[in-house]
Structures are given as structure tokens and as C-alpha cells.
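# Observations on the model geometry
The chain contents come next:
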Amino acid sequence: MDWQAVFEAVEAKRELIVKTLCDVIHIDTSVPPGHNYDKMADYLEPIFQRLGFETERVVVPPEKLAQIPLPLEGERVNLVARKRFGKEPCSIYAHMDVVPVEEPWTIDPFAGVVKEGKVYGRGAIDMKGSIASLIGALAVIEELSLTPHYDLICLMCTDEEIGTYPGVYHLALEGYVEGHVLCLEGGAQAPFLVGGMAGDVTVTVTTIGKSCHSGMNFLGVNAIDEMVPILNELLALKRRVEQRKSSVPLFPIPGAPSEWMSPMFNLVIIQGGVKDNIIPSRCTVTIDRRYIPEEDYEDVVAEIREAVERGRRQSKALDVQVAVQWIYGAFKADPESPHMHRMWEAKKAVHGYRDEDLLVAGVAGSSDMGMVVPLLGDGKFAGTGPFRPDNTTAHRPDEFACVDDLVSMAKELIYYLAG
């Protein structure tokens, strides 16, 4: 195959890729609450149909959505687009949701501003840019009559940014995820392949006291004071936990304490008291616990509960309550799988990398792939994405994606699917 001609055809789709990204940025799918998934499907479904795909909308049942303890609104519409060639299936995954806008931006986050080779907007890099690159790649495959090596199953999914029961997990449980997963936020425009991701669990600990006038504190029970013994035990557990190491190397991050993936134990929220002259009757601490593939979720939760119980025995709190919310599982990918090898060949073809440049490493973040890959098997994953080491704007103000990276990603996808 004349790959120079194919890549030139991708270059000719720059305008299409940019327009597609701007269009989907305009659709506000911030979660929570998660409005407008139906509008995203309304936009994307005709595009897939014009490219010869059969489409189906799959709505997450309300009773499943109720597992997520957040203020959510609207139907969770997932779009499945299939194009069969009588070959092994490949499930191409992207999520349609984005995180909310909280801090001030210098531009309208939903305008899709194009400036100096970059597209700005919420979701530009995480991960609506990947959807635009996929559309560009599929358009070239159709235009040049290329025959993919796979049946193509495109999954445009909901609620990755909040976890617990994201759309792709529902699709996997219901049999919509076929073959292996090609994750479109599972890598970067760099000589790098994702070898694993951390799991994530949130634990909330609440001490119950008794309020009274602060000038007569002997009449009450200070819930903040009585949280302190529990905090001491949790911090002692944090020190032990963060000494553990995974067998998966960590993607090099300046300041990282180890070259290997390691657990993270974070006290992220503490709340208590309502006024300075009232003894607080309630104190709440929230723990964000990231766990490595070698750790078991049940063990992670059990050791936190045990630490809380040790602190409770030293506390005078009237009650101590513990609530656990599973966000994501951890996973480890097989670096020797044929899918990982194919993605590396695609990166070499597009960027000219050498084999000695390759780094297969884990990332400290968590993803809904941590729910899907364990169901499929660690040899059923490969990934790429438009990220780059010097673009850390995901979830931040003035998020952007570089147009060159979106185009390069489209080239990688074509080589992976049809090379």
C-alpha cells in the first residue's frame, strides 16, 4: 500500500477533523449532570451512517444509573456503530462526556475556538478530539476503499468522567463490546504505549458528635476532635500503602517518587462545623485511594475500614460511619499482545520511531477501561490518543488539542485498522 498517498489523504481531511471537533465541543456534555448525550448521538449517528455503519442507541437503565451518587439528569444514550467485513471484531472506544467548567477561562469553553494550530474548548483533548480523529480516519478509509482487518464496532459512550457505572461498562456487560478494545484515550502522540492504569475508590468517613455552646463544651462531643485519632490511623496507613510498588513501570513524571506504578492514598476533603461558637456535631473526611493492578479492591477497602476501626477505639465519637464508592478498577495490559504490537507499528509508520524508543508504562490516572479490560482479558487492549507530554490541559481552563496531533492520530488509526 502507498502509505504516503494515504497519509496525504488524511492531511486533506484537516478541515473535516477541526470542524468535527468544534461541532462536538459546542454540545455541552459536562457531567454532572450529563445533559445532551442524545444531542451528541443526533450529531454523530448520521455521520456513521453516511460512512456505511449500522447504528444503535443503547440507554443505561435508570436503576443502574442510580448506583452513581451524583446529581445526574437526562438519559444516558450510548451510540454503537457497526460495520462488518466478516473479520475479527475491534471495539473502538471513546467517551462523549466532559468534566464541568469551574475555574475561569480566557475563552468560551464551548465555542470551539481555533487559534495558532490549536482547537480550544472543554473536551478538546479529553476526549472529543479523539472522536474527531476517528471520524477523519473512517472518512479516508471509505474514500480510498480500504478494507480494514477487523469488523469495526465504534462505541461512543457516557459517564467516563464519573465512573461507578459508565456507559461502556454497561455495553460490556450486555455483550456490545466485541473482540479487543482500541481505546482512543489510551496513549499519546509519543513513543509510548499504556501498560496499565490505577483503580480508584472513594471512602467517606463521618464522626458523629453532639453540638452545644462552645463556652460549655463539656456538654457536647466535638466531632472534629474525635476524628483526629481516626486521621492518625489513616495517615499511618497512607505511609504503608505508598511504599508498595507495581510490576508496571510508571510513565516518567517529574517529581515521581518511583519509576514504578505505586498506590496513592489521598485525604482530599474534610468538612466540619457551622459556626465558631457551636461545637461541631459532625465531621467528614473523604479519601481518594488509587490502587495498582496487583492490589485487590476488597483488600483495599478492608484495610481502610480496619484503620478507621483502630481510630474509633481511641475516639469518643458517638458514632462513626463509613461509606465506600467504587469508581474504577485497575488493569494491566499485556505488552506482548498482537494489538499492542500493531499499535506500535502504526506509531513507527506515522512518526518514524525506532524500536529502542518504545516505552510501555502505566499511568497514575484511572479510566473505565479498568472495568472493561478485566472482563475481556489483559491481552485485549491497545490504545492511542492525541495527548502529548507537554499538553497537560485536560480538566483545566483553556483546554486545547493540537491540530497536528489530531491528524497524526487519524493516520495511526488508519494504519492500525487497515495497514
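None of the values given here were measured: they were computed from a predicted structure. (Residues numbered from 1 in each chain as written. Predicted model: local features only at pLDDT ≥ 70, side-chain atom pairs only at ≥ 80, totals over all residues. Heavy atoms only, no water.)

## Observations regarding the sheet that holds strand S8 (residues 192–197)
To keep things clear, this is the line we draw: Think of it this way: DSSP has to see at least two bridges between two strands before they count as a pair. Labels follow the DSSP assignment, with helices taken as runs of H or I lasting at least four residues and strands as runs of E lasting at least two, numbered in each case from the N terminus. A contact between two residues is defined here by any heavy atoms of the two lying within 4.5 Å. With axes taken as lines fitted to C-alpha atoms, and helix axes fitted only over the stretch in contact, angles between N-to-C directions fall between 0 and 180 degrees.
In spatial order, the strands read S13-S8-S14; together these 3 strands make up an open sheet with mixed pairing. Either end of the sheet is taken by a strand with one partner, and the two such strands are strand S13 (331–332) and strand S14 (359–363). Relative to S13, S8 runs antiparallel, the two sharing 2 bridges. From the neighbouring strand, Met197 faces S13, where its bridge partner is Phe331. Relative to the sheet, helix H9 (residues 338–351) contacts S8 and S14, its axis offset from that of S8 by approximately 150 degrees.

## What to know about the nonpolar core
Here is the rule: Put simply, buried Ala, Val, Leu, Ile, Met, Phe, Trp, Tyr and Cys residues joined by side-chain atoms within 4.5 Å make one nonpolar core. Working definition: with a 1.4 Å probe on protein chains only, accessible area under 20% of the residue-type maximum means buried, over 50% means exposed, and in between means partly exposed.
Counting 105 residues, the largest nonpolar core has Phe48, Met156, Leu182 and Met369 as its most contacted members. A per-element tally of this core places helix H5 (residues 124–143) first, with 12 residues. If near-sequence neighbours (up to four positions away) are discounted, Met156 is found in contact with Leu44, Phe48, Asn78, Leu79, Ile92, Ala94, Met96, Ile131 and Leu134.

## Some details on the environment of Ser262
Among the structural elements, Ser262 can be located in the loop between helix H7 (228–241) and strand S10 (264–272). Among the residues examined, Ser262 registers a relative accessible area of 15% and is labelled buried.

## Points about unusual backbone geometry
That bond from Val31 to Pro32 is cis: its omega, -5 degrees, falls within 30 degrees of zero. Of note, Pro32 is situated in the loop between helix H2 (14–26) and helix H3 (37–50). Here the residue pair Asp126 and Met127 is connected by a cis peptide bond, since its omega of -10 degrees sits within 30 degrees of zero. Within the element layout of this structure, Met127 appears in helix H5. Here the phi dihedral of Asp159 falls at roughly 65 degrees; this positive angle occurs in a residue that is not glycine. Its place among the elements puts Asp159 in the loop between strand S6 (151–157) and helix H6 (167–173). Take Asp159: its relative accessible area is 0%, and that puts it in the buried class. One non-glycine residue, His395, adopts positive backbone phi at about 70 degrees. When you line up the elements, His395 lands in the loop between strand S15 (381–383) and strand S16 (400–402).

## Description of the packing of helix H1 (residues 3–11) against helix H11 (residues 403–418)
What counts is decided by this rule: Oblique is the label for any angle not under 35 degrees, not over 145, and not in the 65 to 115 range, which are roughly parallel, roughly antiparallel and roughly perpendicular in turn. Crossing handedness: left-handed means the near helix sits turned counterclockwise from the far one by under a right angle, and right-handed means the same turn made clockwise. The residue classification treats Ala, Val, Leu, Ile, Met, Phe, Trp, Tyr, Cys and Pro as nonpolar and Asp, Glu, Lys and Arg as charged. All others, Gly included, are polar.
The contact between H1 and H11 brings their axes to 9 Å, and the two run at 135 degrees. Considering the angle they form, H1 stands oblique to H11. Of the two elements, H1 crosses H11, and the hand of that crossing is right-handed. The segment H1 lies against H11, with Trp3, Val6, Phe7, Val10 and Glu11 engaging Val407, Ala410, Lys411, Ile414, Tyr415 and Ala418. Taken together, the residues that form the contact of H1 with H11 break down as 9 nonpolar, no polar and 2 charged.

## Description of the packing of aromatic side chains
For clarity, the cut-off: Put simply, two rings from Phe, Tyr or Trp (the six-membered ring, in Trp's case) pair if the centres are within 6.5 Å, and we call them stacked under 30 degrees between planes, edge-to-face over 60, tilted for the rest. Here, a charge over a ring is recorded when the distance from Lys NZ or Arg CZ to the ring centre is within 6 Å and its angle to the ring normal is within 35 degrees.
Counted according to the given criterion, the structure contains 12 aromatic pairs. On the basis of an interplanar angle of 20 degrees and a centroid distance of 6.0 Å, the ring pair of Tyr150 and Tyr416 is categorised as stacked. Of this pair, Tyr150 sits in the loop between H5 and S6 while Tyr416 sits in helix H11; the two residues are 266 residues apart in sequence, bridging distant segments of the chain. Of the residues examined, Tyr150 reaches a relative accessible area of 5% and is grouped as buried. Its relative accessible area of 0% is what places Tyr416 among the buried residues. Aromatic pair Tyr291 and Tyr297: ring centres 6.4 Å apart, planes at 45 degrees, arrangement tilted. For Tyr297, a relative accessible area of 22% translates into the label partly exposed. Put simply, the rings of Tyr165, Tyr169, Tyr291, Tyr297 and Trp326 touch in pairs and so form one group of aromatic residues. Above the plane of the ring of Phe400 lies Lys118, whose end atom (NZ or CZ) is 4.4 Å from the centre.

## A word on H1
The condition is simple: Arc, as used here, means the arc of the directions from the helix axis to the C-beta atoms.
Listing the buried residues of H1 in full gives Trp3, Val6, Phe7, Ala9 and Val10. Looking straight down H1, one finds that the buried residues subtend no more than 150 degrees of arc, so they occupy a single side. Here the buried face of H1 lies against H2, H5, H9 and H11.

## A word on the pairing of strand S7 (residues 180–183)
Moving residue by residue along a regular strand, the side chains alternate between the two faces of the sheet. Here S7 shows no split at all, with His180 and Leu182 on one side and Val181 and Cys183 on the other all buried. Two elements, strand S3 (residues 89–95) and S7, share 4 bridges in a ladder whose sense is parallel. Considered in S7, the bridge of Cys90 is made with His180. Across 3 bridges, the pairing between S7 and S15 is parallel. Across the sheet, Val181 pairs through a bridge with Phe381, a residue of S15.

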